[in-house]
Each structure stands twice: as structure tokens, then as C-alpha cells.
Amino acid sequence: MIISWNTTNACNMYCKHCYRDAGAKADEELDTAEGMALIDQIADAGFKIMIFSGGEPLMRGDIFSLVEHASGKGMRAVFGTNGTLITGEVALRLKESGASAMGISLDSVDPSSHDDFRCTPGAWKGAVEGMRACKEAGLPFQIHTTVMDWNESEIENLTDFAVEKGAVGHHIFFLVPTGRAVNIEAESLRAEQYEDLLRRIMIKQSKVKIELKPTCAPQFMRIASQMGLKTRFSKGCLAGISYCIISPRGIVQPCAYLNIPAGNVREQTFGEIWREAEVFKNLRTEEYKGGCGSCMYKKTCGGCRARAYFYHGDYMAEEPWCLYKGRKGT
């Protein structure tokens, strides 16, 4: 099971698509002692992968201690970061603390396009230098790309770039309109574009040795099956089933883009929230509505619950950007 902790709202960038609307540190963020206790509770609940994200997690002064604690509890500590704060020294400290891998954001092979999307001059250069620092320190890293209508033609080139730089994977995130991303919803892909790109990603996977993983596009499970391709993944949308996130203030929700509180770790233990929250229980029924409910792939795809919530106001509704629409056959 996987959990993502948004360790802070502080960030050195102001990205156009940020679901957390990050920038300044939030009031009443979990402190070091609370973070350590939270990690204990997450490990006790059976989670095996701990994603440290933000904001920008490397802006927390105690991040190395938190990583060391998570690693010591037997969890695989990984990161979601913009990469610009990863110097050679930071990469070595992360590795020594027990970090297993870094996910570094890169949205274009063109520096100016990436910098514009991240609203930060020099963001591309800083991310690539962060990748170099990780490689030199022997700290595995992968590239994270948020796909939009303006960069979807670059995805294969970005995969090639990831291979060239020594990344172990390329994860492609499909935009869900949450936080600041509601302002650029019109730039997100639609059903035909999703289908086409997912097929292209599956084809590209057969040509490269690094892992390619579409994220927030659970239809990739159906498409892989239709193309006769095997994948190590068992389900597309994991929200509330084997994945959840925790905000800087300790609020638990099913995923970064499904902004429905399940509880607060300052009021209940994480384990109690994970076991008993109504939203998690509902998601685990997999009793989806519309085409998702009748689809033969509902157990392996599940549709994007956050996208269903944004467009329909119901997280169990039909995935809006799926061409398949619950057909019975293949």
C-alpha cells in the first residue's frame, strides 16, 4: 500500500497546475514530533511505500530525520519534488537517510516551456541538475511529467530524455482539475486524446527498459489488456483502496485530487481513519455508477474517482474522459 504525505505547503515555485495551491508554508503544519508519530501509525497500518511530497518537501528542515524514521520502520521512502533543491550534498544526505528514489518533475524537453508551466525561470535547468546530482550519488530517480494538450506530443521524447539521463522510470500524470489546475482545465486532454496517448505509452513501453506509468488515467489497464500487454499493476485507480494522502495539517483524503476529508490525524489515529472513514468504505465497494458500473474492466481500471467528482459532483460516478463507456465486450 502507498501513502503520500504533503509534508509542507511551502514551495519555491508557483506551478500553474498545483493541486495544493502551494507557495507559502501553511499555518499549523504537522511538526517533527507529530510527523514521527504519524509515520509510526502509517507503518502500523501496513503501508509499505511512503511518498514525501508537498509543496516542496525539501523545504522542511527536518526532512532527513523524517525519511530516516520512515526507512527505519521498514517503509520505502520516496519523493515527489521539483528537483531544483537537490544538490550533490542533498542527494548524498537523502541516500544516507534511507531515501529509495526521487520523483523529479519535468514537463517538456524545451526549457522555456517547462519554466513557463512552473512559473519559475531556471526550473528546467535546476531539475536536470537535480537529476545529475542523484545519479552521481547513486540515488535512483524517475521523471514525472504532467501531460497537457500543449506537451502531449512530447511524451515519447521525454521518455527518451529520461533514459538518456539515467532515470529508472517515467511517470506520466494526466491532469485532474483541482487547486490551481481548475484555471487550466481547458488545456487537459479529452477522451480521444487520452486513448491515443495511452496506446502510444504502451507501445513506447515495449521499446524501453525503464518503467512507464500513466497516473490518473486508470484506463491504461484496459488498454494494456486489449493490446495483450502485461503490467505489474493490478488496478488503475487506487484512491481509498490501497492509497491515500495526508495534508500538511494532517487531513487525510483518498487522493491528491479528490478533496474529500476522511479525518484528521490530530483527532484520530491514522489507522482508525484508514479503516473506518465513510469515503474509504464507499470507494472500496467498487459500486460505480454509469458506464463504470457496468464495465467489464471496473475491477482493474475503476475510472478516475477524482475526475468523476469534479465533473459530476459524485466520486462514484462514471469517468468522464473514457471512450469505452462500460461496454461488455473487448
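Our structure's up above, just so we're on the same page.
All values derive from a computational prediction rather than experimental measurement. (Residues numbered from 1 in each chain as written. Predicted model: local features only at pLDDT ≥ 70, side-chain atom pairs only at ≥ 80, totals over all residues. Heavy atoms only, no water.)

## Overview of the overall build of the protein chain
Looking only at helices and strands, the protein chain features twelve helices and ten strands. Dimensions of the protein chain, computed from the C-alpha atoms along their principal axes, are close to 55 × 45 × 35 Å. Across the 330 residues that make up the protein chain, the buried fraction comes to 58%. Counting contacts in the protein chain only where the partners sit at least 6 residues apart, residues at least 24 apart contribute 69% of the total. The distance from the centre of the 39 positive side-chain charges to the centre of the 40 negative ones in the protein chain is 7 Å. (Helix = DSSP H or I, 4+ residues; strand = E, 2+ residues; numbered from the N terminus. Buried < 20%, exposed > 50% of the residue type's maximum accessible area, 1.4 Å probe, protein only. Contact = heavy atoms within 4.5 Å. Lys, Arg positive; Asp, Glu negative; His and termini not counted. Charge placed at Lys NZ, Arg CZ, Asp CG, Glu CD.)

## Some details on the packing of aromatic side chains
Tallied over the full model, the rule gives 14 aromatic pairs. Seen from their ring centres, Tyr297 and Tyr324 are 5.5 Å apart, and the 65 degrees between their planes marks the pair as edge-to-face. Of the two residues, Tyr297 is situated in the loop between helix H11 (290-294) and helix H12 (305-312) and Tyr324 in the segment after H12; the sequence distance between them amounts to 27 residues. Relative accessible area serves as the criterion here: at 8%, Tyr297 is assigned to the buried category. Among the aromatic side chains, those forming a connected cluster through ring pairs are Phe47, Phe270, Trp274 and Phe280. Between the NZ or CZ atom of Arg93 and the centre of the ring of Phe64, over which it lies, the distance is 3.9 Å. Directly above the ring of Tyr288 sits Arg305, whose terminal nitrogen or CZ lies 4.4 Å from the centroid. (Phe/Tyr/Trp six-rings, centres within 6.5 Å; stacked < 30°, edge-to-face > 60°. Lys NZ or Arg CZ within 6 Å of the ring centre and 35° of its normal.)

## Side note on the sheet that holds strand E8 (residues 243-246)
In any sheet, the strands associate via hydrogen bonds between backbone groups, in a parallel or an antiparallel arrangement. Spatially, E7-E6-E5-E4-E3-E2-E1-E8-E9-E10 is the arrangement adopted by the ten strands of the open sheet, whose pairing is mixed. Unpaired on one side and paired on the other, strand E7 (211-215) and strand E10 (263-264) mark the two borders of the sheet. Where helix H7 (residues 191-205) meets the sheet, it contacts strand E5 (141-147), strand E6 (169-174) and E7, and its direction lies at approximately 165 degrees from that of E7. (Pairing = 2+ DSSP bridges. Axes fitted to C-alpha atoms, helices over the stretch in contact; angles between N-to-C directions.)

## Overview of the pattern of salt bridges
One pass over the structure, following the stated rule, counts 18 salt bridges. Note that Lys73 and Asp40 form a salt bridge whose closest N and O atoms lie 3.7 Å from each other. Within this pair, whereas Lys73 is found in the loop between helix H2 (63-72) and strand E3 (76-81), its partner Asp40 is found in helix H1 (residues 32-44), the two being separated by 33 residues in sequence. Residue Asp40 is classed as partly exposed on the basis of its relative accessible area, which comes to 26%. As a salt-bridge pair, Asp160 and Lys204 come within 2.8 Å of each other at their nearest N and O atoms. Remark: Lys204 occurs in helix H7 and Asp160 occurs in helix H6 (residues 155-165); sequence separation between them is 44 residues. Given a relative accessible area of 14%, Lys204 falls into the buried group. (Salt bridge = Lys/Arg side-chain N within 4 Å of Asp/Glu carboxyl O.)

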